[in-house]
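The residues making up each chain are set out below.
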Amino acid sequence: MAATPEELARAFCSTYFTMFDTNRAGLAALYAEQALLTFEGSTHCGRDIIIAKLTSLPFQVVRHEVTTLDCQLTQTGLLIFVIGQLKADQDQIMGFSQCFHIIQQGESFYITNDLFRLSLHHS
């Protein structure tokens, strides 16, 4: 029996955030070669550039917790929107939102688009 879009989205996010928290360099296996990442308003194009950005983030330990997850089928894949919390090193827990567009190639799914933003309130 085929997985539902929600089951695929949950499985993908579980894999992504576990890998981010334990082996950021390993995320290269999840990004398409020409993927785009917008991280806190800064755009990075290409798998190698994205992984360089993610592995250069200035924390040693991070833990993501997904609070909500929504998804929609697109003409070419699956759009996933995540709201959650993360804790990096000794920092306070912070909210975040992240949106992925993933496509299937063979039996695997790859990120083509990734948007990330901390949920900070500015006065």
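Refer to the structure presented above.
A brief report on the enclosed structure follows.

## Digging into the pattern of salt bridges
Considering all chains together, one arrives at three salt bridges under this definition. We note a salt bridge from Glu65 to Arg63, for which the minimum N-O separation is 3.4 Å. Of the residues examined, Glu65 reaches a relative accessible area of 43% and is grouped as partly exposed. Through salt bridges with shared partners, one network takes in Asp21, Arg63 and Glu65.

## A short note on unusual backbone geometry
The residue Glu40 is not glycine, and still its phi comes out positive at about 55 degrees. Locating Glu40 in the fold gives a position in the loop between β1 (31–39) and β2 (42–45). Not every positive phi belongs to a glycine, and Asp89 is a case in point at roughly 45 degrees.

Scoring rules and cut-offs
- Residues numbered from 1 in each chain as written.
- Predicted model: local features only at pLDDT ≥ 70, side-chain atom pairs only at ≥ 80, totals over all residues.
- Heavy atoms only, no water.
- Salt bridge = Lys/Arg side-chain N within 4 Å of Asp/Glu carboxyl O.
- Buried < 20%, exposed > 50% of the residue type's maximum accessible area, 1.4 Å probe, protein only.
- Helix = DSSP H or I, 4+ residues; strand = E, 2+ residues; numbered from the N terminus.

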